[in-house]
Number of protein chains: 2
Amino acid sequence: MAGIKDVAAAAGVSVATVSRALNGHPSVSPTARTRVLDAVRELGYRPNAVARSLRTDQTRTLGLVISDVMNPYFTELARFVEEEARTLGYSVIIGNADERPELQDHHVRTLLDRRIDGLLVSPADGRSPLAPDAASGATPVVLVDRWVPGLDVPVVRADGTGAIRDLVAHLHGLGYRRVAVIAGPAATTTGRERVEAFRAALRDHGLPLPDEYLGQGDFQADSGRRATERFLDLPEPPEVVFATDNLMALGALDAVRARGLRVPDDIGVAAFDDIPWFVHTDPPVTAIAQPVAELARAAVRALVDLIEGRPPQSVTLPARLVVRRSCGEPACGPVPAVERAPVAVATAEAPPTSQQRRNE
Amino acid sequence: MAGIKDVAAAAGVSVATVSRALNGHPSVSPTARTRVLDAVRELGYRPNAVARSLRTDQTRTLGLVISDVMNPYFTELARFVEEEARTLGYSVIIGNADERPELQDHHVRTLLDRRIDGLLVSPADGRSPLAPDAASGATPVVLVDRWVPGLDVPVVRADGTGAIRDLVAHLHGLGYRRVAVIAGPAATTTGRERVEAFRAALRDHGLPLPDEYLGQGDFQADSGRRATERFLDLPEPPEVVFATDNLMALGALDAVRARGLRVPDDIGVAAFDDIPWFVHTDPPVTAIAQPVAELARAAVRALVDLIEGRPPQSVTLPARLVVRRSCGEPACGPVPAVERAPVAVATAEAPPTSQQRRNE
DNA sequence: TTCGGGCGTGTAATCGATTTCATTCGGCGT
DNA sequence: ACGCCGAATGAAATCGATTACACGCCCGAA
């Protein structure tokens, strides 16, 4: 493959001039510039990004480590992250942790070895396997969706408490009194927060959340199925189940279908994370939608700000309830308040973090 | 960040010895080795992959350019590709072409600039935008799922003709006579082949495929919706629609639901590419399943063979029909032959390609 | 005419690893 | 005792770019 030296030779100039011409340096004569450009075209020269990165100490690459690519929510997130990064002139390398801490670790290490300019992580594990590297502060880090309490880095996430309150109001209005929830891993913030918000909303309506109505899941379909089976085996099964992510909701649907039961007649189902398929399930699933595209964009912008020495913003955007039929027919009277939920735009200024201070 | 020189200094040896110790070179004394290892641990040293790549001219990285990440089929493919690559000691960088040739081009160029060791492509466009680079032969290339006729590189794909024949037999057996198909872009091989196989199978059963029953789509949900609407507007609409990918099937479902019609009572739906959600749609969708994991593994192995100088194998695996309820109740009598479809394992030896010859 | 100051350019150092080549040293055969 | 050989090591070249520094040249000011 042609190198910069070949171009220099072909254009009859030095490598320095070639480099300058290619990087838009001011002091290059028009003559030299055109000769270089011609030679480049002639030889089909493409600069070696590896060599360039070594010299400049920047790869113009972002790392994105997500918990599970097969989860449509994260797929969508990844897609928008790449899109925004591309418009900002960065590539992104995706690492799929598959909800396994050691895999997440593997990817973080690999990405760091490649000297990516910044890291976007949605931690599979709340404990601190990546902390040693991240906390070292050498590489800018931003957390998306999930975060880890001790880490002093910007966080971009959705706040589901409002939407969950709306959901509980909706369920209560429909007459449900025995409601169950399938939790995510306690090691993740999203796993804990969603259950807590749900429990709090329940309390506001005077509803209990007995232990046997709290299923433990791991954000995968199978765990949703198992939890739901256990609910159905109860002497007094719940009237409705809230799965705290879309895959566990899929599992729940599986379980009730396997029993020959029907949603919502025999048992209602609701989910956190809305996805296109929920419109076409039997029945369409009532879900809480996150503003994924905005989250992705905000996360990338925060990370790039960090990288390029600007102060980053932590951002929290509200999720919103989307009522469909899996919890029973929506009210036929006046449209409930939840239907008019505002488009998510709220943001919050982050308190200064050590990462910001690094750049002052 | 600590470099190899720091390690050498700390261990009291030269950089050459450090490098040798770390790469398991034979002639390094046990003493030196342990001192190096200690220093490495002490300093938390990690070799700079960028520098290493520059010197060794290999990145141990594969590029994967897919047509559309949001399509569950490709998501799954990407996931298994990464998995197999990882076990073989490679990382993978995914580029999402979004079915847009110019984006595909952008990613191919970027990946080539980063000197990836090999490229896995599922071409969004049958024409040859990537040919100039790929044909240059500098970087090993393997095509997955879709291929482009002129290119002399290994291809790993599923053969749907058998499954499509089974599907048509199934539909015919159910009494359908007016069947329509939603095609993919003519620029892709999968777009053309699936329609052709369908048309041929129809002919075998003496069924026609009139022009107005041939919808043009682009593998995205919207196009499936529009094509289906056009079918429904026909004076004599088809009794069943075969969408040649899962997203267009989703669109078709959308369209019939929007009309207040019911599947399969008013119109049947079948799809190419099976996905987990099809079990939970209303109704569950009869689909043709590709052996995605095997395809991914075969593709990675072929590419790595090429990279490491072994002769690669082109592979074609059969797809199989999965009957559900979206075309009407499956026969209640004896289980139809299609239910017993064998697990896909057939492979074929590729004719020698120029890429193989390269390595002789 | 002479000198200072850009401007355009080239030479060479540099990034952090790997690898070739030469050197040293110790052991062993004769 | 001598010489040879292999093992262990280090110095320096190398990969392909960027960039600091120096140089030559031309132009305008003194």
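In this text the structure is predicted, and so the values were computed from the model without any measurement.

Asker: Looking at this structure, I do not really get the protein's contact with DNA strand C. What am I missing?
Answerer: Every one of the 26 residues lining DNA strand C counts as a neighbour, but A:Thr17, A:Ser29, B:Ile4, B:Ser19 and B:Arg55 are closest to it. In DNA strand C, atoms within 4 Å of the protein come 57% from sugar and phosphate. A distance of 2.7 Å is found between a phosphate oxygen of DNA strand C and a side-chain nitrogen or oxygen belonging to A:Thr17. Between B:Asn48 and DNA strand C, the recorded distance is 2.9 Å, taken from a backbone N or O atom to a phosphate oxygen. Those elements that provide at least two residues to the surface near DNA strand C are helix 2 (15-22) and helix 4 (49-56) of chain A together with helix 2 (15-22) and helix 4 (49-56) of chain B.

Asker: Would you mind going over the sheet that holds strand 5 (residues 155-159) of chain A with me for this structure?
Answerer: All names here are of chain A. Taken in spatial order, the six strands of this open sheet run 2-1-3-4-5-11, and their pairing is parallel. This sheet does not close on itself; its edge strands, each paired only once, are strand 2 (91-96) and strand 11 (315-318). Taken over all neighbouring pairs, the strand axes of this sheet differ in orientation by 15° on average, direction set aside. Bridge analysis of strand 5 against strand 11 gives four bridges, and the strand direction is parallel. Residue pairing in the sheet places Val-156 in a bridge with Val-315 of strand 11.

Asker: Any chance you could explain the pairing of strand 9 (residues 268-272) of chain B here in plain terms?
Answerer: Each regular strand shows side chains that alternate between the opposite faces of the sheet. All names here are of chain B. The element strand 9 is largely enclosed, with a buried count of five among its five residues. The two faces of strand 9 match: Gly-268, Ala-270 and Phe-272 on one face and Val-269 and Ala-271 on the other face are all buried. Examined bridge by bridge, strand 8 (residues 240-243) and strand 9 share four bridges and lie parallel to one another. Its bridge partner being in strand 9, Val-240 is matched across the sheet by Gly-268. This β-α-β element, strand 8 to helix 11 (residues 246-258) to strand 9, shows right-handed connectivity. The pairing of strand 9 with strand 10 (residues 286-289) spans three bridges and is classified as parallel. Paired with Ala-271 across the strands is Ala-287, a residue of strand 10.

Asker: Before we go on, may I ask you to explain the packing of helix 1 (residues 4-11) of chain B against helix 3 (residues 30-43) of chain B in this structure?
Answerer: The packing of two helices is summarised by the inter-axis angle and the distance between the axes. Residues and elements named next belong to chain B. It is at 9 Å that the axes of helix 1 and helix 3 come closest, and there the two elements cross at 125°. One finds that helix 1 runs oblique with respect to helix 3. In this structure, helix 1 meets helix 3 at a crossing whose hand is right-handed. The segment helix 1 lies against helix 3, with Asp-6, Val-7, Ala-10 and Ala-11 engaging Arg-35, Val-36, Ala-39, Val-40 and Leu-43. A breakdown of the residues in the contact of helix 1 with helix 3 according to their chemical character gives seven nonpolar, no polar and two charged.

About the cut-offs
Residues numbered from 1 in each chain as written. Chains lettered and ligands numbered in written order. Predicted model: local features only at pLDDT ≥ 70, side-chain atom pairs only at ≥ 80, totals over all residues. Heavy atoms only, no water. Near = heavy atom within 4 Å. Polar contact = N/O pair within 3.5 Å; in protein donor to acceptor, adjacent residues only side chain to side chain. Helix = DSSP H or I, 4+ residues; strand = E, 2+ residues; numbered from the N terminus. Pairing = 2+ DSSP bridges. Axes fitted to C-alpha atoms, helices over the stretch in contact; angles between N-to-C directions. Buried < 20%, exposed > 50% of the residue type's maximum accessible area, 1.4 Å probe, protein only. Right-handed = clockwise from strand over helix to strand, strands pointing away. Parallel < 35°, antiparallel > 145°, perpendicular 65-115°, else oblique. Left-handed = near helix turned anticlockwise from the far one by under 90°. Contact = heavy atoms within 4.5 Å. Nonpolar A, V, L, I, M, F, W, Y, C, P; charged D, E, K, R; others polar.

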